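Here is what each chain is made of, one letter per residue.
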Amino acid sequence: MRNKYSILLYSLLLMTSCSDRPEHAKAVDELPAIWPDYVDVTIPAGIAPLCFNFADEDIDCMDVIIKGEKGGELHTHGNWADLDEDDWQQLTSQNKDADLYVTVCTRKDSQWTQWRNFSIHVSAYPLDDYGLTYRRIPPGYEVGGNIGIYERDLHSFHERALLTENDLPGRCFNCHTPNRTNPKELTLQIRGEGGGTLVQKQHQQRWLNTKTDSTKAAGSYAYWHPAGRYCAYAVNAVHQSFFTGPDDRIEAYHSFSDIIVLDTQTDELLLSPLLQTEDLEIFPAFSPDGKWLYYSASRPCRVPAEYEKVKCSLCRIGFDEQSGQFGLQADTLVSADSTGRSATQARPSYDGRWLMFTLSDRSNFPVFQRDADLWLMDLQTREARLLDEVNSNDVESFHNWSSNSHWFVFTSKRTDGMYAQLFLASIDDDGHCTKPFLLPQRNPRKYYGELFDSYNVPDFTCEPVSFDVHEAQRQVESNERIQVKIR
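This one's a predicted model, so the numbers in the text were calculated from it and none came from an experiment.

## Comments concerning the overall build of the protein
Part 1 of the argument: Along the protein, the regular secondary structure elements total five helices and 35 strands.
Part 2 of the argument: Here the C-alpha atoms of the protein give a radius of gyration of 24 Å, agreeing with the 23 Å that 2.2 N^0.38 yields for 487 residues.
Part 3 of the argument: For the protein, the spread of C-alpha atoms along the three principal axes comes to 75 × 60 × 50 Å.
Part 4 of the argument: Expressed as a percentage of contacts within the protein between residues at least 6 apart in sequence, the contacts between residues at least 24 apart total 59%.

Put into structure tokens, the structure is as follows:
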């Protein structure tokens, strides 16, 4: 009973400590130091509320008023900008292709300060996809551990676990991939002992062994052919080495890598001698029309000793859906010899206009490269540019497109250099991108401050994922796998 009274008293003290409204506020010509930085960002109507904290944790109270250019107003008052979900949805929907004007007042030592107003632009481009899927993993360096694949509703703060280490103890899983945001066609990979490749169509799980005598490993780093019959995978082995100096912590690299394509109707692997070379072919991605397979390729190096020599070119090879045949030659879109750098993780927009990729000084594992940046290629001209308006001074990686190709998600370590977090931005018809914004949370400082996980492999989903975790447990633990064969 004493604990209940203590909690009630504490709650009342919090309420009364921030109960007064701004009066005689001192106006200053400075932007408010809010976290996350949502100043002048562009958002889609209907996104979860952009709640924010004040950077100075010693403030006593914050008062926020948001007015819409086309009408509507939202007011919140408390320890942080805790925006009502329904009011926010109504305000953003009312102000599509218009601005929201934000007034922030803070109280410290009994004195109110009114900061310079800033705006949030509500884009004319919708974000109709339901949500995001991603893996959350502590930034440690062991196999397995407390990892999980999660789904987040982009229009609220609701997150649910799809598959966690508690469901499959001691196993490492990743590479969860829907087909062009459609989770009705889904694949993921479990590594190590008892591993396997899931191919799920229309809620039916099939667990395959994608390793054969003619291939070096099971499939990972997947990407669906748009028609849904084929799925491309990289077959590789990833390793880690550690630095002793203070600047870099870890280098991850692949000792080998090839690319295969799985025919999910016949459980056959389609191979090309151009994708099974001594070079390392990695990160496949089909073009939206299904006629090209993009990938990265690097010359073999004696890793880890020659880790600085690992540099990937960005390539593509033709693919015929009817015959399942590959082209007879590969094209190089970005040459490592010309740039002296490494181009990886090609992701074509679903409208066929753009190709986004990561460029770093070295490596075929860019998530650990602090200089890794996002680049954008215009597929009509093949001209590529650095996305200055998006990148930071730390890692950008793991990018994917929304279904309408006007939004993209990526991971960045810009907040603290350790934890990769999810950021979203929009792109217009001319390839101009907006300032990225951090994935909203109800109380951002509390949520991100208490979450000791990094995000990776985010992707949009057009609807909630249907996944039977109990069926997955049964099939994984049975060790029964459908053995694929070579066509």
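## A word on helix 2 (residues 85–94)
Part 1 of the argument: Every buried residue belonging to helix 2 is among Trp88, Gln89, Leu91 and Thr92, and all of these are buried. The arc enclosing the buried residues of helix 2, seen along the axis, measures out at 165 degrees, which places them on a common side. For helix 2, the exposed residues set more than 90 degrees away from the buried face come down to Asp86 and Gln90.
Part 2 of the argument: One side-chain oxygen at the N-terminal end of helix 2 lies 3.2 Å from the backbone nitrogen of Asp86; it belongs to Asp84.

## Things to note about the sheet that holds strand 12 (residues 159–164)
Part 1 of the argument: Read from one edge of the open sheet, four strands run 12-11-10-33, paired in antiparallel fashion. Of all strands in the sheet, those bounded by a partner on one side alone are strand 12 and strand 33 (454–461). When strand polarity is set aside, the average angle formed by the axes of neighbouring strands in this sheet is 25 degrees.
Part 2 of the argument: Pairing of strand 10 (residues 131–137) with strand 11 (residues 148–153), which is carried by six bridges, proceeds in the antiparallel orientation. The partner of Arg136 across the bridge, within strand 11, is Gly148.

## Observations concerning the layout of surface pockets
Part 1 of the argument: Roughly 340 Å³ of internal volume is contained in the second largest pocket.
Part 2 of the argument: Lining the second largest pocket are 19 residues, and of these Asp279, Ala297, Ser298, Arg299 and Ser313 sit closest to its centre.
Part 3 of the argument: Mapped onto the lining of the second largest pocket, the elements with two or more residues apiece are strand 22 (292–298), strand 23 (312–320), strand 24 (325–334) and helix 3 (336–339).
Part 4 of the argument: When residues in the lining of the second largest pocket are grouped by element, the largest group, three residues, is from strand 22.
Part 5 of the argument: Here the lining of the second largest pocket is built from residues that sort into eight nonpolar, five polar and six charged.

## What about the nonpolar core?
Part 1 of the argument: Ranked by internal contacts, the top residues of the largest apolar core, which has 75 residues, are Ile43, Phe52, Ile66, Trp88, Val261, Leu293 and Phe408.
Part 2 of the argument: Leaving out residues up to four positions away in the same chain, Phe52 has contacts with Ile34, Trp35, Pro36, Tyr38, Met62, Val64, Trp80, Ala81, Val102, Val104 and Pro444.
Part 3 of the argument: The next biggest cluster of nonpolar side chains, apart from the first, holds 18 residues, and it includes Ile147, Leu162, Phe173 and Leu188.

## A closer look at the packing of aromatic side chains
Part 1 of the argument: Applying the stated criterion across every chain, the model contains 16 aromatic pairs.
Part 2 of the argument: Between the aromatic rings of Tyr134 and Tyr455, the centroid separation amounts to 4.9 Å while the plane-to-plane angle is 70 degrees, which identifies the pairing as edge-to-face. Of this pair, Tyr134 sits in strand 10 while Tyr455 sits in strand 33; the two residues are 321 residues apart in sequence, bridging distant segments of the chain.
Part 3 of the argument: The class of Tyr134 is buried, set by a relative accessible area of 1%.
Part 4 of the argument: We classify Tyr455 as buried; its relative accessible area is 3%.
Part 5 of the argument: When the centroid spacing of 5.2 Å and the interplanar angle of 80 degrees are considered together, the rings of Tyr230 and Phe319 count as edge-to-face.

## Digging into a negative patch on the surface
Part 1 of the argument: A cluster of acidic residues, Glu57, Asp58, Asp60 and Asp109, forms a negative patch at the surface.
Part 2 of the argument: The topology assignment puts Asp58 in the loop between strand 4 (53–54) and strand 5 (61–68).
Part 3 of the argument: Overall, Asp58 belongs to the exposed group, its relative accessible area being 55%.

## Some details on the pattern of salt bridges
Part 1 of the argument: Taken as a whole, this structure holds 25 salt bridges when the rule is applied.
Part 2 of the argument: Between Arg341 and Asp361 there is a salt bridge, with the nearest N and O atoms lying 2.9 Å from each other. With Arg341 in the loop between helix 3 and strand 25 (342–348) and Asp361 in the loop between strand 26 (354–360) and strand 27 (373–378), the pair connects residues that are 20 residues apart, well separated along the chain.
Part 3 of the argument: Classification of Asp361 as partly exposed rests on a relative accessible area of 40%.
Part 4 of the argument: A salt bridge links Glu471 to Arg474; the shortest N-O distance between them is 2.8 Å. A residue pair is termed a helical-turn pair when its members lie 3 or 4 positions apart in one helix, as Glu471 and Arg474 do in helix 5 (residues 469–478) at three residues.
Part 5 of the argument: Its relative accessible area of 24% is what places Glu471 among the partly exposed residues.
Part 6 of the argument: Using a relative accessible area of 47% as the deciding quantity, one classes Arg474 as partly exposed.
Part 7 of the argument: Here the salt bridges do not stand alone but share partners, grouping Arg229, Asp263, Glu268 and Arg487 into one network.

## Things to note about the side chain of Thr411
Part 1 of the argument: Take Thr411: it is sitting in strand 30 (residues 407–412).
Part 2 of the argument: Relative accessible area serves as the criterion here: at 1%, Thr411 is assigned to the buried category.
Part 3 of the argument: Excluding residues within four positions of it along the chain, Thr411 makes contact with Val395, Glu396, Ser397, Phe398, Ala420, Gln421, Leu422, Tyr455, Asn456 and Pro458.

## A closer look at the sheet that holds strand 32 (residues 437–438)
Part 1 of the argument: Pairing within the open sheet is antiparallel, and its four strands lie in the order 29-30-31-32. Every other strand in the sheet has two partners, leaving strand 29 (396–401) and strand 32 as the edge strands with one partner each.

## A look at empty space enclosed by the protein
Part 1 of the argument: Applying the stated rule across the entire model yields one cavity of 30 Å³ or more.
Part 2 of the argument: Of the volumes computed, that of the largest cavity is approximately 80 Å³.
Part 3 of the argument: Lining of the largest cavity is provided by Thr133, Ile149, Leu162, Leu163, His176, Leu186, Leu188, Val465 and Phe467.
Part 4 of the argument: Elements supplying a minimum of two residues to the lining of the largest cavity: strand 12 and strand 14 (182–191).

## Brief notes about helix 5
Part 1 of the argument: Here helix 5 has its buried residues at Val469, Ala472, Gln475 and Val476. Across the axial projection of helix 5, the buried residues extend over an arc of 125 degrees, all falling on one side. Residues of helix 5 that are exposed and point more than 90 degrees away from the buried face comprise His470 and Glu477.
Part 2 of the argument: For helix 5, the secondary structure elements touched by its buried residues are strand 12, strand 14 and strand 16 (204–209).
Part 3 of the argument: The distance from a side-chain oxygen at the start of helix 5 to the backbone nitrogen of His470 is 3.1 Å, and the residue carrying that oxygen is Asp468.
Part 4 of the argument: Residue Asn479 follows helix 5 closely and has a positive phi angle near 60 degrees.

Analysis parameters
- Residues numbered from 1 in each chain as written.
- Predicted model: local features only at pLDDT ≥ 70, side-chain atom pairs only at ≥ 80, totals over all residues.
- Heavy atoms only, no water.
- Helix = DSSP H or I, 4+ residues; strand = E, 2+ residues; numbered from the N terminus.
- Rg over C-alpha atoms; globule rule 2.2 N^0.38 Å.
- Contact = heavy atoms within 4.5 Å.
- Buried < 20%, exposed > 50% of the residue type's maximum accessible area, 1.4 Å probe, protein only.
- Arc of directions from axis to C-beta.
- Polar contact = N/O pair within 3.5 Å; in protein donor to acceptor, adjacent residues only side chain to side chain.
- Pairing = 2+ DSSP bridges.
- Axes fitted to C-alpha atoms, helices over the stretch in contact; angles between N-to-C directions.
- 1 Å grid on protein atoms, 1.4 Å probe; cavity = no way out; pocket = protein on both sides within 12 Å on 5 of 7 lines; lining within 4 Å.
- Points joined across faces, edges and corners; volume = space filled by probe spheres on them.
- Nonpolar A, V, L, I, M, F, W, Y, C, P; charged D, E, K, R; others polar.
- Core = buried A, V, L, I, M, F, W, Y, C linked by side-chain atoms within 4.5 Å.
- Phe/Tyr/Trp six-rings, centres within 6.5 Å; stacked < 30°, edge-to-face > 60°.
- Patch = residues over 30% accessible without salt bridge, like charges linked within 9 Å, V, L, I, M, F, W, Y side chains within 5 Å.
- Areas by Shrake-Rupley, 256 points an atom, 1.4 Å probe, with all protein chains shown as cover.
- Salt bridge = Lys/Arg side-chain N within 4 Å of Asp/Glu carboxyl O.
- Lys, Arg positive; Asp, Glu negative; His and termini not counted.
- Charge placed at Lys NZ, Arg CZ, Asp CG, Glu CD.

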